[in-house]
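# Descriptive structure summary
Residue strings, one per chain:
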Amino acid sequence: MSTNDHLKSSAISLLKRAIELDQNGKDEEAVVCYQEGLGFLINASKLTEKPEEKKHYREKIVGYLDRIELLKNTIRSRKESAKLHQQLRIERNSTGHSYETIFQRYLDKTVTRVRIEDPYIRSNHQVYNLLRFCELCLKCCENLQIIDLATTLDAGQKGSEQKSKLEELSKSLQDFSVTMNVQYSASMHDREIRLSNGWIIKIGRGLDYFQAPASRFSIGFSDLNFRPCHETTVDIFHESYMSASND
């Protein structure tokens, strides 16, 4: 077998494999095979003297180069999207899922407004959870100005107590130049936190995903990183991820 025949045979074999991988959605492996096959094809084109054959090689080479570039862009876009969307599964009784662990990396000086939608900010422990989250926002978001809370109003006397607790928290936030707007809705189900820097955090159980502590003097009462959790899912994504998904 001549050198030219060997190069053509190797190119055909690799490019056939690349096309199979490409068709099966294995983009990264396809790119590798395309590039290796293209190398053989380019070398084969250099050994021929026939104009028609050279033209044929040139057209094939340009076509494969275009396909490689398209696949690389797809891979790059997919990797960027992966950075903009994460999902965390919190297992029942697991620990290490404090608000700092979940939220802190997304809270920074670019956050000026936070919107919290949670239908159950009612009982003492739920308001304490909100308080802890607000403290984390104050600590991490030096330019924070507004916290919007959308929740449901408890019935009867409990509703009055709920309002009183939230008004107390709102007044305390004013000491840090942060305004808290509370909106009571008769019907809401979604639980999510939206940050003005574009990040959206959806938690199946809202802020109330911690189990009750064994006692006020047990480990995990103060530091939520030690507190066992209920089972839930956390979805974190950026607005630009949603825009790209809808394109």
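The structure we're discussing is the one just above.
Since the structure is predicted, the reported quantities are computational estimates derived from the model, not experimental observations. (Residues numbered from 1 in each chain as written. Predicted model: local features only at pLDDT ≥ 70, side-chain atom pairs only at ≥ 80, totals over all residues. Heavy atoms only, no water.)

Looking only at helices and strands, one finds 7 helices and 7 strands in the protein chain. Secondary structure of the protein chain in N-to-C order comes out as α-α-α-β-α-β-α-β-α-β-β-β-β-α. The C-alpha radius of gyration computed for the protein chain amounts to 29 Å, which surpasses the reference 18 Å derived for 247 residues by more than 25%, pointing to a less compact arrangement than a globule. Dimensions of the protein chain, computed from the C-alpha atoms along their principal axes, are close to 90 × 35 × 30 Å. For the protein chain, the computed accessible surface area is about 14,700 Å², with 49% contributed by carbon and sulfur atoms. (Helix = DSSP H or I, 4+ residues; strand = E, 2+ residues; numbered from the N terminus. Rg over C-alpha atoms; globule rule 2.2 N^0.38 Å. Areas by Shrake-Rupley, 256 points an atom, 1.4 Å probe, with all protein chains shown as cover.)

Let us look at unusual backbone geometry. A positive phi is found at Asn93, a non-glycine position, where the angle reads about 75°. Assessed through its relative accessible area of 43%, Asn93 is described here as partly exposed. Phi is positive for Ser177, close to 60°, though the residue is something other than glycine. Note on placement: Ser177 falls in the loop between helix 6 (156-174) and strand 4 (179-184). Residue classification places Ser177 among the exposed residues on the basis of a relative accessible area of 61%. (Buried < 20%, exposed > 50% of the residue type's maximum accessible area, 1.4 Å probe, protein only.)

Next up on the list: the nonpolar core. Tyr99, Phe103, Val114, Leu130, Phe133, Ile147 and Leu195 are the most contacted members of the largest nonpolar core, which has 38 residues in total. For this core, the secondary structure elements donating two or more residues are helix 4 (99-103), strand 2 (113-117), helix 5 (124-140), strand 3 (146-151), helix 6, strand 5 (192-195), strand 6 (199-203) and strand 7 (232-238). Ranked by residues supplied to this core, first place goes to helix 5 with 7 residues. Among residues more than four places away in sequence, those in contact with Phe103 are Phe133, Leu136, Ile193, Ile201, Ile203 and Leu207. With 18 residues, the next largest nonpolar core counts Leu21, Ala44, Tyr57 and Ile61 among its residues. (Core = buried A, V, L, I, M, F, W, Y, C linked by side-chain atoms within 4.5 Å. Contact = heavy atoms within 4.5 Å.)

Attention shifts here to the environment of Ser13. By the secondary structure assignment, Ser13 is in helix 1 (residues 3-23). For the pair Ser13 and Leu71, spaced 58 residues apart in the sequence, the C-alpha separation amounts to 20 Å.

This next bit is on the layout of surface pockets. In this model, the largest pocket occupies a volume close to 280 Å³. Along the walls of the largest pocket sit 15 residues, with His125, Tyr128, Arg132, Pro213 and Arg227 positioned nearest its centre. Looking at the lining of the largest pocket residue by residue, the classes come out as 6 nonpolar, 5 polar and 4 charged. (1 Å grid on protein atoms, 1.4 Å probe; cavity = no way out; pocket = protein on both sides within 12 Å on 5 of 7 lines; lining within 4 Å. Points joined across faces, edges and corners; volume = space filled by probe spheres on them. Nonpolar A, V, L, I, M, F, W, Y, C, P; charged D, E, K, R; others polar.)

Here the focus is empty space enclosed by the protein. Scanning the entire structure with this criterion turns up 1 cavity of 30 Å³ or more. Roughly 40 Å³ of volume is contained in the largest cavity. Looking at the largest cavity, the residues that line it are Ile116, Glu117, Asp118, Arg191, Glu192, Ile193, Ile201, Lys202, Ile203, Gly206 and Leu207. Elements that contribute at least two residues to the lining of the largest cavity include exactly strand 2, strand 5 and strand 6. Residue contributions to the lining of the largest cavity peak at 3 residues, all from strand 6. Here the lining of the largest cavity is composed, by residue class, of 5 nonpolar, 1 polar and 5 charged.

That's the geometry; what it means functionally is another story.
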